[in-house]
Amino acid sequence: MTTPDWTVPLHDAGLAADPATGTVLAFGGTESTTDGGSAPSTATRAWDGDLWRPVKSPVVPPGRQHPLLVSDAAAGRVLMLSGVSHHTQPVPPARSATRPTSAPSRLRRSDWLADAWTWSAGTWSPLLDVRSQVSGQISYHHDLGAPVLVGSVRNIVTGPAAVRVIAGTWRWDGTQWIAISSAVPRYALTALGYDPHGGRLVGLVARNPINVNLPFSGTRRPLPAARPGTAEAWIFDGHAWHRDSALDPLDQASGVLANDPAGGHLVLITALGHTWALQDGEWQAVIGSTSLPATVADPNARLHAAAIPVGIVLVTTSTEAADQTWTFNGHEWRYHARRPSP
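Residues numbered from 1 in each chain as written. Predicted model: local features only at pLDDT ≥ 70, side-chain atom pairs only at ≥ 80, totals over all residues. Heavy atoms only, no water.

(A) Representation of the overall build of the protein chain in the model. Along its length, the protein chain carries one helix and 28 strands. Buried residues in the protein chain amount to 52% of all 342 residues. Taking the intrachain contacts of the protein chain between residues at least 6 apart in sequence as the baseline, contacts between residues at least 24 apart amount to 53%. If you sum the accessible surface of the protein chain, you get close to 16000 Å²; carbon and sulfur atoms cover 53% of it. (Helix = DSSP H or I, 4+ residues; strand = E, 2+ residues; numbered from the N terminus. Buried < 20%, exposed > 50% of the residue type's maximum accessible area, 1.4 Å probe, protein only. Contact = heavy atoms within 4.5 Å. Areas by Shrake-Rupley, 256 points an atom, 1.4 Å probe, with all protein chains shown as cover.)

Have a look at this one:
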């Protein structure tokens, strides 16, 4: 058995459920370098029900931060798209006879990746025909039987149209993105989920987090970020997006959406630690989920969630605290320590 993976934090990693194994897979993130800088991680990790463990793949994708990972249930695999390769390297401070040593600065280099990979049978495989950068939010749509992206697709092609960026709502057909609609919400989404009872996509807009998955959206300028303090819900009816104020997050905080296999509902977990289930067309507080707020409550936290047969796995990352992993069984949250107790 492989040993627990404590060396690579989950901050900046992508997360998705593996439909073939019923576990959660994580890839990428940010690693510290020996010179005091940072680099994108190539680590693959799997959740074993209590700990994150490293997974060795015969083929390893290039390291990246913030990749889009989604469970492709119909194909029985995980799909990984784009991400950013961000490096930092400290610059030695300048020294002068007349001035004290200045604080060290950092060189930064970022590249947005234009590739796609699938995880199946314990290995990563590149989709060689895919040359597009994608940004936005992604979720599996059970009625369509395919992942759906709300955001932008930037095709890397040759010839006169060297770069073409198109914003819209897209369906993955196994090899490429097919436009469902040119409609997008007026603001960049910060969370996306599928409502199994309504057969619809639910998108959330919140200003709290820094949404790194939106470096470009649209042909001329990025979709605007929501104004500070905004927390809005948007519904996609198959043709267009509409505001639905009845589904606005009740605590006006950013959050993440995931399907609860136990209750069969779409669940909203906010950065303030509250848990809500979408029932009868409204958010209802989940009774018993009171252990999460006391520990997680951080309006600046980034949340990542994936649903597996036994419940929801939630990872919270923050610049103020170490990564945390929680599991939800439909009624209550359980915290999993990153290192076992001595």
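(B) Representation of the sheet that holds strand β8 (residues 77-81). Pairing is antiparallel in the open sheet, where four strands are placed in the order β7-β8-β11-β12. Both edges of this open sheet fall to β7 (68-72) and β12 (123-126), since each of them pairs with a single strand only. For this sheet the average axis-to-axis angle between neighbouring strands, irrespective of direction, equals 25°. Pairing geometry for β8 and strand β11 (residues 116-120), over four bridges, is antiparallel. Bridge pairing in β11 links Leu81 to Ala116. (Pairing = 2+ DSSP bridges. Axes fitted to C-alpha atoms, helices over the stretch in contact; angles between N-to-C directions.)

(C) A look at the sheet that holds strand β5 (residues 44-47). Pairing in this open sheet of four strands is antiparallel, and the strands run β1-β2-β5-β6 from one edge to the other. Both outer strands of the open sheet, β1 (14-18) and β6 (52-54), are each paired with one neighbouring strand and no more. The sheet shows a mean angle of 30° between the axes of neighbouring strands, taken without regard to direction. Bridge count for β1 against strand β2 (residues 23-27) is five bridges, and the pairing is antiparallel. In the strand pairing of β2, Ala16 is matched with Leu25.

(D) Layout of the layout of surface pockets. For the largest pocket, the calculated volume is near 1100 Å³. What lines the largest pocket is a set of 50 residues, among which Leu15, Ile138, Val256, Leu257 and Ala305 lie closest to the centre. Of all the secondary structure elements, the ones that give two or more residues to the lining of the largest pocket are β1, β7, β13 (132-141), β17 (191-195), β21 (255-260) and β25 (302-308). Looking at which element gives the most residues to the lining of the largest pocket, the answer is β25, with seven residues. Classifying every residue of the lining of the largest pocket gives 30 nonpolar, 16 polar and four charged. (1 Å grid on protein atoms, 1.4 Å probe; cavity = no way out; pocket = protein on both sides within 12 Å on 5 of 7 lines; lining within 4 Å. Points joined across faces, edges and corners; volume = space filled by probe spheres on them. Nonpolar A, V, L, I, M, F, W, Y, C, P; charged D, E, K, R; others polar.)

(E) Seen up close, the packing of aromatic side chains. Applying the stated criterion across every chain yields a total of seven aromatic pairs. Taking 5.4 Å as the distance between ring centres and 70° as the angle between the ring planes, the aromatic pair formed by Phe27 and Trp124 counts as edge-to-face. Of this pair, Phe27 sits in strand β2 while Trp124 sits in strand β12, and the two are 97 residues apart along the sequence. Side by side, Phe27 and Trp124 carry an identical accessibility label, which is buried. Aromatic side chains Phe236 and Trp241 sit 5.2 Å apart centroid to centroid with 40° between the ring planes, which places their arrangement in the tilted category. (Phe/Tyr/Trp six-rings, centres within 6.5 Å; stacked < 30°, edge-to-face > 60°.)

(F) Representation of the pattern of salt bridges within the structure. Considering all chains together, one arrives at eight salt bridges under this definition. Residues Arg186 and Glu232 are paired through a salt bridge, measuring 3.1 Å at the closest nitrogen-oxygen approach. Of this pair, Arg186 sits in the loop between β16 (177-181) and β17 while Glu232 is found in strand β19 (residues 231-236), placing the two residues 46 residues apart along the sequence. Arg186 sits in the partly exposed class, given a relative accessible area of 44%. Among the residues examined, Glu232 registers a relative accessible area of 5% and is labelled buried. Residue Asp195 pairs with Arg200 through a salt bridge whose shortest N-O separation is 3.1 Å. A relative accessible area of 4% places Asp195 in the buried class. Because the salt bridges share partners, they merge into one network encompassing Arg186, Glu232, Arg243 and Asp248. (Salt bridge = Lys/Arg side-chain N within 4 Å of Asp/Glu carboxyl O.)

(G) Molecular detail of unusual backbone geometry. In this structure, Ser82 is a non-glycine residue whose phi angle is positive, near 50°. Tracing the backbone shows Ser82 in the loop between β8 and β9 (84-91). Its relative accessible area of 0% is what places Ser82 among the buried residues.

(H) Geometry of the pairing of β21. In terms of burial, β21 is largely enclosed, as five of its six residues are buried. The pairing of β21 with strand β22 (residues 265-270) spans six bridges and is classified as antiparallel. By the bridge assignment, Ala258 is partnered in β22 with Val267. Counted between consecutive antiparallel strands, the loop separating β21 from β22 contains four residues, among which Gly264 sits at a positive phi close to 75°.

(I) Main features of the side chain of Asp323. With respect to the helices and strands, Asp323 occurs in strand β27 (residues 321-328). A distance of 2.5 Å separates a polar side-chain atom of Asp323 from the backbone nitrogen of Leu10. Side-chain polar atoms of Asp323 contact the backbone nitrogen of His11, separated by 3.4 Å. (Polar contact = N/O pair within 3.5 Å; in protein donor to acceptor, adjacent residues only side chain to side chain.)

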